[in-house]
Amino acid sequence: MARDGTIDLIIRGGKIVSPSSTIEGDVAISGETIAAVTAPGMLATIANEIDAMGRHILPGAIDSHVHFREPGYEYKENWETGTAAAACGGTTTVFEMPNTNPPTGTLEALRLKQERAAAQAHVDYGIYGLLDEDNIDILEDLIAAGVSGFKCFMGNTFGNLPAPSDGAMLEGFEILARHGYRCTVHAENPSIMARRQERMERAGRTDPLAHLAARPEVCAVEAVGRAVAFAEWTGARLHIAHKSSKDALYILKDAKARGVDVTVETCPHYLLMTTEDMKIKGGLLRVNPPIREPGHGEALWAALHDGTIDMIATDHAPHQRDEKSAENIWQCDCGFPGVETQMPVMLTQVNEGRLTINQYVQWSAHAPAHAWGCYPNKGVIQAGSDADIVIADLSRGRVIDNAHLHSKSKITAWHGFKTTASVDWTVVRGRVVVREGELVGEQGWGKPVKQQMPPPKPNNVDKTMQAIIEPPRF
Ligand code: DOR
Ligand code: ZN
């Protein structure tokens, strides 16, 4: 609240959306916070008002999975351009991945990233710490220094960070379990993938679909199963990044039914693209895990609807045009930008009846806010919450165009996709950052997200590394 309790901004006349309702109303904002949500016309007029009549008022999206590349690969993206893209796409909080250079697995690397983010961010952010083979002893230092959660690359991807051994991963999970922190995993089996890629390269396969052949679904089945086993045994909270296939869903459904604290994301490209697109777009669609054959997308939609998948994230993975355009698939970098296009693309699916606007808010804002301990500060439009708000128009779209992207990466697989919805305004903690589609925010407004995870629930504490390395006293 502003200290004197005055109302600084009113959003008037839109349809305010929560997971359970869509109501016509007005939103009053005081300082950085929502002061009141009222029936239409109850608030006295002030100078600073936004007319949202006919449009939808949504909680800003919370994206659990972006790569902003800084420090180390600033030619691909930096915190300014990445968060500008987020803001223009209606995302008001991002969680940023540690495969930068240096990777965010040491205190020095974390501090460097924190400085860069603080100076440049347009939206709020959390920073992932890396969990790897060599930094188990400093995971608690990274927690104390302010990471939002951890990322464990069980399988290789951009940056080629080696997967930790199972021993290190389990010990890391034991430590995170004591603190109640959530660990996101890139769940693909590296040994299967490396062997297949090597054999295919030797055999001369360089076509786009060789990438898919190197990373069959069993890679994810095995790694998801292993991650769930470690999480259940230790009590560590787990988050499965970019679920791409139908195959491991049964493991996650069962784990949830047993009470394992595992959350799951998928991305718009796995919901809406298939190998048929890859045949046309080639290396542009090279991404980890791969885009799969027709049929997987339908299963992922069904898993969102039945609660096995909790949320939408983007895996925003910017690269330069030449890095995405090689003839030889193995020479194309993996990933493409997505943080700016997620909301228009998914609201287009709302218009097509594949989800309701309420489900969209559940999957884009409410669920990630819960998973990362930000609820009810974020993920909801109610009195007392951060004023992180998007005004979206579900009656006016545009054709997505590389040239309009705010990311440094001007090459996305969504180029040419026709949306039927647009993000018009984005408000981050009470400040207008995007006005009628134009970025108007100032660098450095974004702040580290405040989190309060539920109390830790470690399991098997008598069998952890910490418990067994003391010699027994008989
Ligand atoms: O395709 C991908 N690119 N998948 C990932 O998991 C990482 C990302 C990147 O950092 O480029
Ligand atoms: Zn990623």
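Refer to the preceding data block for the structure.
A. Summary view of the site of ligand 1. Taken together, the neighbourhood of ligand 1 is formed by 14 residues, with Arg69, Asn99, Thr157, Asn288 and Cys334 sitting nearest. One of the side-chain nitrogen or oxygen atoms of Thr157 is found 3.3 Å away from a nitrogen atom of ligand 1. For ligand 1, a nitrogen atom lies 3.3 Å from a polar atom in the side chain of Asp315. Starting from 290 Å² of accessible surface for ligand 1 in isolation, the protein chains cover 100%. Among the residues making up the shell around ligand 1, the classes are represented as four nonpolar, eight polar and two charged.

B. Molecular detail of unusual backbone geometry. Cis geometry marks the peptide bond from Asn101 to Pro102; its omega dihedral reads 5°. Relative to the elements of secondary structure, Pro102 occurs in the loop between β7 (91-96) and α2 (107-120). Omega for the bond connecting Tyr375 with Pro376 falls within 30 degrees of zero, at 5°, which places this linkage in the cis form. Its location among the elements puts Pro376 in the loop between α13 (357-371) and β14 (389-393). At Arg429, a position not held by glycine, the phi torsion is positive, near 40°. Among the structural elements, Arg429 can be located in the loop between β15 (422-428) and β16 (431-435).

C. Region of interest: the pattern of salt bridges. Tallying each qualifying case throughout the model produces 28 salt bridges. A salt bridge links Arg429 to Glu32; the nearest nitrogen and oxygen atoms lie 3.3 Å apart. In this pair, Arg429 is assigned in the loop between β15 and β16 and Glu32 in the loop between β2 (22-30) and β3 (33-38), connecting sequence segments 397 residues apart. Glu32 sits in the partly exposed class, given a relative accessible area of 36%. The salt bridge partner of Glu232 is Arg258, with a shortest N-O separation of 2.7 Å. Here Arg258 lies in the loop between α8 (249-257) and β12 (262-266) and Glu232 lies in helix α7 (residues 217-234), a separation of 26 residues in the sequence. Assessed through its relative accessible area of 49%, Arg258 is described here as partly exposed. In the salt-bridge network here, residues are joined through shared partners; they are Glu32, Asp124, Lys378, Asp386, Asp388 and Arg429.

D. Looking closely at the coordination of the zinc ion (ligand 2). Donor atoms from the polypeptide that bind the zinc ion (ligand 2) are His65 (NE2), His67 (NE2) and Asp315 (OD), placed at 2.0 to 2.2 Å. For the zinc ion (ligand 2), the single-chain donor residues occur in sequence as H-x1-H-x247-D. Of the two residues, His65 and His67, both sit in the buried class.

Criteria and cut-off values
Residues numbered from 1 in each chain as written. Chains lettered and ligands numbered in written order. Predicted model: local features only at pLDDT ≥ 70, side-chain atom pairs only at ≥ 80, totals over all residues. Heavy atoms only, no water. Near = heavy atom within 4 Å. Polar contact = N/O pair within 3.5 Å; in protein donor to acceptor, adjacent residues only side chain to side chain. Areas by Shrake-Rupley, 256 points an atom, 1.4 Å probe, with all protein chains shown as cover. Nonpolar A, V, L, I, M, F, W, Y, C, P; charged D, E, K, R; others polar. Helix = DSSP H or I, 4+ residues; strand = E, 2+ residues; numbered from the N terminus. Salt bridge = Lys/Arg side-chain N within 4 Å of Asp/Glu carboxyl O. Buried < 20%, exposed > 50% of the residue type's maximum accessible area, 1.4 Å probe, protein only. Donors = N, O, S within 2.8 Å, 3.2 Å for Na, K, Ca; no water.

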